[in-house]
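Next come the chains, spelled out residue by residue.
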Amino acid sequence: MPAPRRHVPMLNYIWSGLIIGSLLFALTVDTQELVENRFRNETALPVALDFPDGYAPDARRQPVEIRIDSATYRDVYGVNAAPDPVYAGTLVQTQEGRKVEFDPDADLPEPLATIQSFHATDDNPALRGALQGTSRTTAGVGRTETALQFEPVRFRKLNDIAQAALNFAETAASLALSLIGVLGLMLGLVKIGEEAGLIESLTGIVQPILSPLFPNVPDDHPALANISLNLLANVFGLGNAATPLGIKAMEDLQELNPSDEKASDDMVMLLALNTSSVQLVPPSLLVAIMGLQINQLFFSITLATLCSTVAGILGTLALHRLPYFRATAPHRTADAEDPDE
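Residues numbered from 1 in each chain as written. Predicted model: local features only at pLDDT ≥ 70, side-chain atom pairs only at ≥ 80, totals over all residues. Heavy atoms only, no water.

Focus: the sheet that holds strand β4 (residues 97–102)
The condition is simple: Between any two strands, at least two bridges found by DSSP are needed for them to pair. Helix and strand definitions follow DSSP, with helices as H or I runs of at least four residues and strands as E runs of at least two, each counted in order from the N terminus. Only the contacting stretch of a helix is used when fitting its axis, a line to C-alpha atoms as for every element, and angles between N-to-C directions run 0 to 180 degrees.
Reading around the barrel, the six strands line up as β1-β2-β3-β4-β5-β6 and close back on themselves, with antiparallel pairing between neighbours. Here the strands of the sheet are splayed against their neighbours by 45° on average, with no regard to which way each runs. Two elements, strand β3 (residues 86–94) and β4, share six bridges in a ladder whose sense is antiparallel. Looking at β4, one finds that L91 is bridged to V100.

Now the structure itself:
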């Protein structure tokens, strides 16, 4: 018999398409912005600065009022939006140069709002522009005509995608590290229970209930006990404990799965039950947020999760009976290809 062909799961194509499509979309938008020079990266915006207390050459920071002419603004950026006549700001003078910072809460029109968000940081979310023609500013003057050169904006969309990828990578790493302790503890307890015979006893209790839902799992197989522990952890709101138990149950089911590339019917059923599990005890996060008010939602949570569990079971059983899924189910295809059957 020829070796079976290895098929790339459809999910890989979907994720690859989404990633490539997002990058192409971002690159298209960024290229269009650069070609159109939407943010006028090399052009300074003429403004007038009013110094309420008079200009002080030696002051590192001093308040200013930034006045922008609407017609000039439209002409520079080629937009219809008009800025406010006056914005509150601060003149910052350092050895590196002089910059004007707009008030962080200023209601800026486009494209200034985008320029602000692109360069904003947690320490300084304000829009900043380098002051041009500062040599004409003399001590004590109340107003000076100048221009602001803002930092350039390039590859905005690609930068957003890269930043989002880094943020989610950090989240994934933090989540993985936080689960190591729980994973070790719960798997250790499961191992102790297995050595003490508790898993075998629990398997005998839950077998009449779970066997109809997992027909491909042999009687007295430890997978049934791990499945029951996973479901009980979900029922009592122990999400962190349910995760390692669910992983262990999936590993047991994979040992019975004849395919390394496709999930068996039993694995799909476990995923449906784990996702839609009945909850008698609200999740700890919800309790931390709502406190004692969570008692008002006890029956609602129980009823909603009961309905979701029934719907998950019925939906999974219905999909198992569809011709397409029946033809691709690992256990059925393995039986069909087994010459001894």
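So, the side chain of S259
This is how it is decided: Residues adjacent in sequence count toward polar contacts only when both atoms are side-chain atoms; beyond that, a polar contact is any pair of N or O atoms within 3.5 Å, and within protein one must be able to donate a hydrogen and the other to accept it. Contacts between residues were defined by any pair of non-hydrogen atoms, one from each residue, lying within 4.5 Å.
Along the polypeptide, S259 turns up in the loop between α7 (239–255) and α8 (265–275). Within the structure, the side chain of S259 is placed 3.2 Å from the backbone nitrogen of K262, a separation counted as a polar contact. Apart from residues lying up to four places away in sequence, S259 is in contact with Q254 and P330.

Some words on the environment of M267
Rules: For every residue, the accessible area obtained with a 1.4 Å probe (protein chains only) is divided by the maximum for its type, and the residue is called buried under 20%, exposed over 50%, and partly exposed between those limits.
Note that M267 resides in helix α8. For M267, a relative accessible area of 12% translates into the label buried. Measuring from C-alpha to C-alpha, the distance between M267 and L253 comes to 6.4 Å, with 14 residues separating the pair along the chain. Among all residues touching M267, those that are not within four sequence positions of it are M250, L253, Q254 and N257.

A few points about the nonpolar core
Defined as follows: For our purposes a nonpolar core is just a set of buried Ala, Val, Leu, Ile, Met, Phe, Trp, Tyr and Cys residues, chained together by side-chain atoms within 4.5 Å.
Counting residues in hydrophobic clusters, the biggest one holds 25 residues, and the most contacted among them are L45, I66, I68, V100, F102, L112 and F150. At the level of secondary structure, the elements contributing two or more residues to this core comprise β1 (45–50), β2 (61–67), α2 (70–77), β3, β4, α3 (112–119) and β6 (143–150). If we skip the residues at most four places from it in the chain, I68 touches L45, V47, Y73, P83, D84, P85, Y87 and F102. Formed by 15 residues, the second largest nonpolar core is a distinct cluster that contains F214, L231, A249 and M267.

A closer look at the side chain of E101
Following the sequence through the fold, E101 ends up in strand β4. By relative accessible area, E101 is classed as buried at 13%. Separated by 3.0 Å, the side chains of E101 and N124 make a polar contact. With sequence-adjacent residues up to four places away left out, E101 is seen in contact with R61, I66, A88, G89, T90, V92, N124, A126, L127 and R128.

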